[in-house]
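Report on the structure
Each chain is listed here by its residues.
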Amino acid sequence: MSAHTRGIRIAAGSVLAPLVLVAGCTAQPGTSAHSHPETSPAAVSSTTSPSPALTARATTDLRDPSQIVSANGLLRTRIVVERKKVRLAGREVWALTYNGLYMPPTLRLRPGDRMEIAFENKLDKQTNLHVHGMHVSPAGRSDNVFLNIEPGETFTYRYAFPKGLEPGTYWYHPHPHTLSATQTAGGMAGLIVVDGLDRYLPASLRGITERVIALKDFQLVGDRIKTTDLKMGAPTTRTVNGQLNPRIRIRPGETQLWRLANIGANIFYKVALPGTKFHVVAQDGYPVNKVYSADSLVIPAGARYDVLVQGPAARTAELETLPYNSGKAGNQFPRATLATVRSEGEPMRPAALPTSFAPVDDLGKETVAARKSIVFTENKAGTLFYINGKQFDHNRVDFRSRLGTVEEWTIKNDSDEVHSFHVHTNDFQVMSVDGKPRTNYGLQDTVDVPPRGRMVVRIRFRDYPGKTVLHCHILNHEDAGMMAVLQIEK
Ligand SMILES: [Cu+2]
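Parameters and conventions
- Residues numbered from 1 in each chain as written.
- Predicted model: local features only at pLDDT ≥ 70, side-chain atom pairs only at ≥ 80, totals over all residues.
- Helix = DSSP H or I, 4+ residues; strand = E, 2+ residues; numbered from the N terminus.
- Rg over C-alpha atoms; globule rule 2.2 N^0.38 Å.
- Buried ≥ 20, exposed ≤ 12 C-beta atoms within 10 Å, placed from the backbone.
- Contact = placed C-beta atoms within 7 Å.
- Pairing = 2+ DSSP bridges.
- Axes fitted to C-alpha atoms, helices over the stretch in contact; angles between N-to-C directions.
- Domains from an automatic or database assignment.
- Nonpolar A, V, L, I, M, F, W, Y, C, P; charged D, E, K, R; others polar.
- Core = buried A, V, L, I, M, F, W, Y, C linked by C-beta atoms within 7 Å.
- pLDDT = per-residue confidence, 0-100.

This brings us to the overall build of the chain. A tally of helices and strands in the chain yields 4 helices and 37 strands. In summary, the chain has a C-alpha radius of gyration of 21 Å against a globular reference of 23 Å for 490 residues, a match within 12%. Seen through its C-alpha atoms, the chain measures out along the principal axes to roughly 65 × 60 × 45 Å. Taking all 490 residues of the chain together, the buried fraction comes to 50%. The contacts of the chain with a sequence gap of at least 6 include a subset with a gap of at least 24, amounting to 79%.

Rendered as structure tokens:
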């Protein structure tokens, strides 16, 4: 294997910094961009403070990202990681890209497929590749975030997905500890779609128009996307598929499948389309047992919802993100327009929506083999983040679990801001939040834990032994220590 593992690099005196980063999540809007202690205010405002969030009128239709589709059970492609100028929101800006694109290709697979990616790093820093939410081996050349792909190196990732891989929406992004947030925020994030969701849809809804709604934000400094000293409260421009306020067309009464995915590094969305409901058919790439409806969906960084949407009576409406407050020590994210939905054309009679949907695992019925406690904390300044009092160390195993068993974990958030709990390799079932039982609609891989909150989850360790991780998916927090090693033992 040509890539170095984290362990080897560290032992050799790696450039990976100790776990001290300014994560900036306590900063308040308006002040956060000026709080860097080592830079004078004048210099900050001219060189590192991002410009105000950009807005635009809707003048272009939403474009689906290009797709790379598996054939005969194999998706084979090349991904080049490169700093490049891209056209974004009507400007030419420097971004960190996959294949030179701010919105890279969607990788499209079927359960049971293999995937082979020749991954070339043309950056001047190490990076690697994570397939978020996918149930696949975390070892070797598969979804192994302990690998380091060095500048100039090409590494071939090889994944063998199980036949039981859940159909839905996933994504890919870098996962090198201390660099995850800045590389993802720089533009390195794309979607993965696993086909097969339509087999649960009624015949009348098979083959409906399907749209990827990839939510991705950037902070702009001059002619570049900000990739250093990221502040969560700083002004950020929200895009859909890399477009600023694109137009989404639907006919009155028409049913479409929208794949909502927050593939940004840090921020929250609370997505709504006033006057219209979202009918959730999958969460985090896991089809639900019962379709449920929501006026708005809070989507933490990393999470996805596949939803059915029915076109309202002829009119124009804004797909928006509503104001969202992530806590006293967190941030107040303002409202923003994401896209303009134009309901027009020949009305259609709205199709009957499905109610019961896919079979789901119910871990509430299982025998619990072990219990674990996972506590999220942070320092007062909001710059250092911990799990069970420790910052991430790739050389230490924090948790051990046995393959084939079910465990119950209590996630305690002992801080004054939301953290979003994420585990690699296996999905989990949310059993209760603050003592209140939760309905099981299906498993998830990313969930927001309220400030001072307490969440109980159950997780089944299926198929794959190996070393993997759990972490906060606010990547600034992960980079500043809020990650732990989980060893799944045979
Ligand atoms: Cu966090």
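We note that N245 has phi near 45°; this positive angle belongs to a residue other than glycine. Mapped onto the elements of the fold, N245 is located in the loop between strand 15 (237–240) and strand 16 (247–250). The phi dihedral of D284 is positive, around 55°, even though this residue is not glycine. Checked against the element boundaries, D284 lands in the loop between strand 19 (278–283) and strand 20 (286–294).

Across the sheet, which stays open at both edges, the 6 strands sit in the order 15-12-17-22-19-20 with mixed pairing between neighbours. If you trace the sheet from one side to the other, it starts and ends with strand 15 and strand 20, each paired once. Averaged over all pairs of adjacent strands, the angle between their axes in this sheet comes to 25°, without regard to strand direction. With 6 bridges connecting them, strand 12 (residues 210–218) and strand 17 (residues 255–262) associate as parallel partners. Within strand 17, the position partnered with V212 by the bridge is R259.

Next up on the list: the domain arrangement of the chain. For an interface, size is often stated in terms of accessible area lost upon the parts coming together. Domains assigned within the chain are domain 1 (4–19 + 55–197), domain 2 (200–343) and domain 3 (363–489). Centre-to-centre separation of domain 1 and domain 3, based on C-alpha positions: 23 Å. Each side of the interface is counted separately: domain 1 has 19 residues, and domain 3 has 22 residues. Of all elements in the fold, only helix 1 (6–11) and helix 3 (180–186) reach the threshold of two or more residues within the side of domain 1 that touches domain 3. A class-by-class count of the residues in the side of domain 1 that touches domain 3 yields 9 nonpolar, 8 polar and 2 charged.

Right, let's talk about the environment of L123 for a bit. Relative to the elements of secondary structure, L123 occurs in the loop between strand 6 (114–121) and strand 7 (130–132). Taking the number of C-beta atoms within 10 Å as the measure of exposure, L123 has 21 and is therefore buried. Residues L123 and P437 lie 314 residues apart in sequence; the distance between their C-alpha atoms is 46 Å. Not counting the four nearest positions on each side in its chain, L123 is found in contact with V81, R83, L96 and P151.

What follows covers the environment of F278. Counting through the fold element by element, F278 comes out in strand 19. According to the C-beta neighbour criterion, F278 is buried, with 21 such atoms within 10 Å. Put simply, F278 and E407 are 129 residues apart on the chain and 32 Å apart in space, counted from C-alpha to C-alpha. Every residue in contact with F278, bar those within four places of it in the chain, is listed here: S293, A294, L297, Y305, V307 and V309.

With that settled, the discussion passes to the sheet that holds strand 26 (residues 336–343). Across a sheet, strands are paired by hydrogen bonds formed along the backbone, either parallel or antiparallel in direction. Read across the open sheet, the 5 strands follow the order 16-26-23-18-21; overall the sheet is mixed. Of all strands in the sheet, those with a lone pairing partner are strand 16 and strand 21 (296–299), marking the two edges. Here the average twist between neighbouring strands, direction ignored, is 25°.

Within the largest apolar cluster, 122 residues are counted, with the highest numbers of intra-cluster contacts made by I192, A214, L215, L260, V281 and V307. Not counting chain neighbours up to four residues away, the residues in contact with I192 comprise L107, L109, V131, Y170, W171 and Y172.

Right, let's get into the environment of A370. Relative to the elements of secondary structure, A370 occurs in strand 27 (residues 370–378). Spatially, the C-alpha atom of A370 lies 8.5 Å from that of T405, the residues being 35 residues apart in sequence. Each residue touching A370, except ones within four places of it in the same chain, is listed here: S401 and E407.

Of all residues in the chain, 90% attain a pLDDT of 70 or more, and the chain-wide mean is 91. Across residues 1–46, confidence stays below pLDDT 50; counting only partners more than four residues off in sequence or on other chains, it has 84 contacts.

Attention now moves to the pairing of strand 17. Most of strand 17 is tucked away, with 7 of its 8 residues classed as buried. Bridge count for strand 17 against strand 22 (residues 304–310) is 7 bridges, and the pairing is antiparallel. When the bridges of strand 22 are listed, T255 appears paired with Q310.

Bridging between strand 3 (residues 74–88) and strand 6 involves 8 bridges; their strand directions are parallel. Among the inter-strand pairings, L74 is bridged to a residue of strand 6, identified as R114. In this sheet, strand 4 (residues 91–98) lies alongside strand 3 in antiparallel orientation, the contact comprising 8 bridges. Each bridged residue has a counterpart across the sheet, and for V81 the counterpart in strand 4 is Y98. Connecting strand 3 to the next strand, strand 4, in antiparallel fashion are 2 residues, including A89 with a positive phi near 50°.

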